[in-house]
Amino acid sequence: TYYRHHRYVPHYRYREPAANAENLLPDVSNRAPEVAQPGVPEVFHPAPAVVHQIPEAFHPVPEVVHPAPDTFHQYQAYHPRAHEPFSSSPRVFYGVMFDAGSTGTRIHIYKFIQKDPVELPVLDNEMFHAVKPGLSEYRNNPEEGGNTIRQLLKIAKKTVPEEEWKRTPVVLRATAGLRLLPVEEANALLNEVREVFEESPFYVPENCVSIMNGADEGVLAWVTVNFLTGHLYSNTRRTVGILDLGGGSTQITFVPKSKKTIDTAPPTYTARLNMFNHTFELYTHSYLGNGIVAARLATFGALGADGLDWKVFTSSCLPKKFRDEITFGGNTYKVSGIPGGYAGYKLCYYEVQRVIKDLFHQPYEVKGSGIFYAFSHYYERAVETGLVGSRGGEVEVRDFKKKAKEVCNKMTKYSAINPYLCMDMTYITCLLKEGFGFKESTRLQLAKKVNNVETSWALGATFDFFRNFNIH
Ligand SMILES: O=c1ccn([C@@H]2O[C@H](COP(=O)(O)OP(=O)(O)O)[C@@H](O)[C@H]2O)c(=O)[nH]1
């Protein structure tokens, strides 16, 4: 759990959005992103170096210029005072997005500034806070799960000025954790969240609480990253791919250079979205059950097993004498290394291979010259193993492999940091190479934040809430 609050910076500190929005955005020709150091208490941050200009598609004023389905509802949520005469002072508005993940629940509070009705609003800053465990761990006690949302709403109340509460939408989207639960249990949790929202002073839109589908999860993370890196404004239409590794699922999304990639992909592995008066055609897929925690359990052969009370699942990916209990999806699994047995990279690789085998579609083209932004558990494991510093950085797929070997063969040293490092690094190596089919030389940009904003689907989902991208 960590807590960050970006300093409130008065409006005049911000650069004027220029006619050429590209000038406002960083030069992102694959350089290392500016990511904040996780865990470092943030006291004062300098004003963001860039103003995040919201894509044209969100322009709230000339509604007819950007017609989108369901615009009336969204328009109201986005610009609730549209009927009032426009004052000369900049208008500030907020959006609150909850990410109900399998391993934790997070709140993102975005502050936007609308300078005047004909200019695009800009993303001013984000307040982020996370709690553990995820909602799915409360499958037998939804009320208790609702309390985690209540706790996070307190932060929203502290962050959003009181006069803005009633027009600030609160939205929760759940991912793999709830997707993996029986539908009645997931619904009981979602209903509880809706009730908690209703008793809050915020604007509670229809469809404010739902399970997001995997395709949207990948596409919206792609929107976030390409927005924050400035690629959505680029005339070159060059974009970056994304790799997201959650606890329960993993996503890959990119714009293929070759039409054959789309033509040869299974129909559910492609998506279109409309933004900037432009249709992006994406290759995207979410593999449910291939997030890092679900993959650990699959490596043990523990997923779906019975006799959880007495069985101990073993693996050569763990230090020989290590014993633990893993709680995931409301079940607890006893696991251990192989006492007196073998441990190490090769054996571990054989084990994790079983989790990947035949499950993955390898896109015709994942190689190219493009770069992939990899975040969530890719970033976390890379930092823990010292592959990159906490500010992130660029690595190649082969660096994950090299590090995995080192970690597994020096198990004692690295298990002090995280006893699952050998298993996780080996899984990541296998996922990248044999799952997605990346070359060893594929470049990965590891990041937690870009320009001080979390790299997650949450920002893309907030944009999608305000202006429907019509992802299909
Ligand atoms: O804004 C965010 C959202 C997620 N995460 C991290 O990304 C991982 C995502 O895991 P999650 O439980 O959401 O996975 P899912 O349920 O989507 O598979 C976790 O380690 C989070 O701490 C993060 O750092 N910032």
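About the cut-offs
Residues numbered from 1 in each chain as written. Predicted model: local features only at pLDDT ≥ 70, side-chain atom pairs only at ≥ 80, totals over all residues. Helix = DSSP H or I, 4+ residues; strand = E, 2+ residues; numbered from the N terminus. Buried ≥ 20, exposed ≤ 12 C-beta atoms within 10 Å, placed from the backbone. Contact = placed C-beta atoms within 7 Å. Pairing = 2+ DSSP bridges. Axes fitted to C-alpha atoms, helices over the stretch in contact; angles between N-to-C directions. Near = placed C-beta within 6 Å. UniProt positions renumbered as here; feature names shortened; annotations may be inferred. Parallel < 35°, antiparallel > 145°, perpendicular 65-115°, else oblique. Left-handed = near helix turned anticlockwise from the far one by under 90°. Nonpolar A, V, L, I, M, F, W, Y, C, P; charged D, E, K, R; others polar. Core = buried A, V, L, I, M, F, W, Y, C linked by C-beta atoms within 7 Å.

Asks: What is the right way to look at the overall build of the protein chain in this model?
Replies: Along the protein chain, the regular secondary structure elements total 13 helices and 19 strands. In the protein chain, which comprises 472 residues, the share counted as buried stands at 50%. A fraction of 76% describes how many contacts in the protein chain between residues 6 or more apart in sequence connect residues 24 or more apart.

Asks: Help me understand the sheet that holds strand S12 (residues 312-314) in this model?
Replies: The strands making up a sheet are joined through hydrogen bonds of the backbone, oriented either antiparallel or parallel. Read from one edge to the other, the open sheet built from three strands follows the order S12-S14-S13, with strand pairing classed as mixed. In the strand order of this sheet, the two ends are held by S12 and strand S13 (323-328), each with one partner. If you compare each strand with its neighbour and ignore which way they point, the axes differ by 40° on average. Pairing of S13 with strand S14 (residues 331-336) involves six bridges; the strand directions are antiparallel. Across the sheet, Asp-324 pairs through a bridge with Val-335, a residue of S14. Here helix H7 (residues 292-300) sits on the sheet in contact with S12, S13 and S14, set at roughly 125° to S13.

Asks: Help me understand the site of the ligand in this model?
Replies: Looking at the ligand, there are 23 residues lining it, with Gly-101, Ser-102, Gly-246, Ser-376 and Ser-456 nearest. The set of elements that each furnish at least two residues to the shell around the ligand consists of helix H3 (176-179) and helix H9 (377-384).

Asks: I would appreciate a short explanation of the UniProt feature "binding site: ATP" (unreviewed entry) in the protein chain in the present structure.
Replies: As recorded in UniProt, the sites labelled "binding site: ATP" (unreviewed entry) are Gly-247, Gly-248, Ser-249, Thr-250 and Gln-251. For Gly-248, the contacting residues outside a window of four places in its chain are Ser-102, Thr-175, Ala-176, Gly-177, Leu-180, Leu-288, Gly-291, Val-293 and Ala-294. Setting aside its immediate chain neighbours within four residues, Thr-250 contacts Asp-244, Leu-245, Tyr-287, Asn-290, Gly-291 and Leu-431.

Asks: Explain the pairing of strand S17 (residues 443-446) to me, please; I cannot follow it from the model alone.
Replies: Working note: regular strand, side chains alternate between the two faces of the sheet. Examined bridge by bridge, strand S15 (residues 371-376) and S17 share four bridges and lie parallel to one another. In the sheet register, Phe-372 faces S17, and the bridge partner there is Leu-444. Where strand S16 (residues 393-396) meets S17, four bridges bridge the pair, whose relative direction is antiparallel. Of the residues in S17, the one forming a bridge with Gly-393 is Leu-446.

Asks: Any chance you could explain the sheet that holds strand S8 (residues 241-245) here in plain terms?
Replies: Pairing in this open sheet of seven strands is mixed, and the strands run S10-S11-S9-S8-S15-S17-S16 from one edge to the other. Edge strands, defined here as strands with exactly one partner in the open sheet, are strand S10 (270-275) and S16. Here the strands of the sheet are splayed against their neighbours by 25° on average, with no regard to which way each runs.

Asks: Please clarify how the packing of helix H10 (residues 397-409) against helix H12 (residues 421-435) should be interpreted in this entry.
Replies: In a pair of packed helices, the angle between the axes and the distance between the axes together describe the arrangement. Between H10 and H12, the shortest axis-to-axis distance is 8 Å and the interhelical angle comes to 150°. In this view, H10 runs roughly antiparallel relative to H12, as classed from their interaxial angle. At the point where H10 passes H12, the crossing takes the left-handed sense. In contact with Val-397, Phe-400, Lys-401, Lys-403, Ala-404, Val-407 and Cys-408 of H10, H12 contributes Leu-421, Cys-422, Met-425, Thr-426, Ile-428, Thr-429, Leu-432 and Lys-433. Residue composition of the contact of H10 with H12, grouped by class: 10 nonpolar, two polar and three charged.

Asks: Can you help me understand the environment of Val-209 in this one?
Replies: Mapped onto the elements, Val-209 comes out in strand S7 (residues 209-211). Val-209 sits in the buried class, given 24 other C-beta atoms within 10 Å. For the pair Val-209 and Ala-174, spaced 35 residues apart in sequence, the C-alpha separation works out to 8.0 Å. Each residue touching Val-209, except ones within four places of it in the same chain, is listed here: Leu-172, Leu-190, Val-193, Arg-194 and Phe-197.

Asks: It is not clear to me how the nonpolar core should be interpreted in this structure. Could you clarify?
Replies: One broad trend across soluble globular proteins is that nonpolar side chains are buried collectively. Counting residues in each nonpolar core, the largest one holds 127 residues, and the members touching the most others are Val-96, Val-219, Ala-374, Tyr-378, Cys-422, Tyr-427 and Leu-446. When residues no more than four places from it in sequence are discounted, the contact partners of Tyr-378 are Leu-243, Leu-245, Ile-428 and Leu-446.

Asks: I tried to follow the pairing of strand S11 (residues 278-288) on my own but got confused; where do I start?
Replies: Note that strand S9 (residues 249-254) and S11 share six bridges and pair antiparallel. Opposite Gln-251, over in S11, you have Ser-286 as the bridge partner. In terms of strand pairing, S10 meets S11 through six bridges, oriented antiparallel. Along S11, the bridge assignment pairs Thr-270 with Tyr-283. In sequence, S10 turns back onto S11 through a hairpin of two residues, with Phe-276 there showing a positive phi of about 60°.

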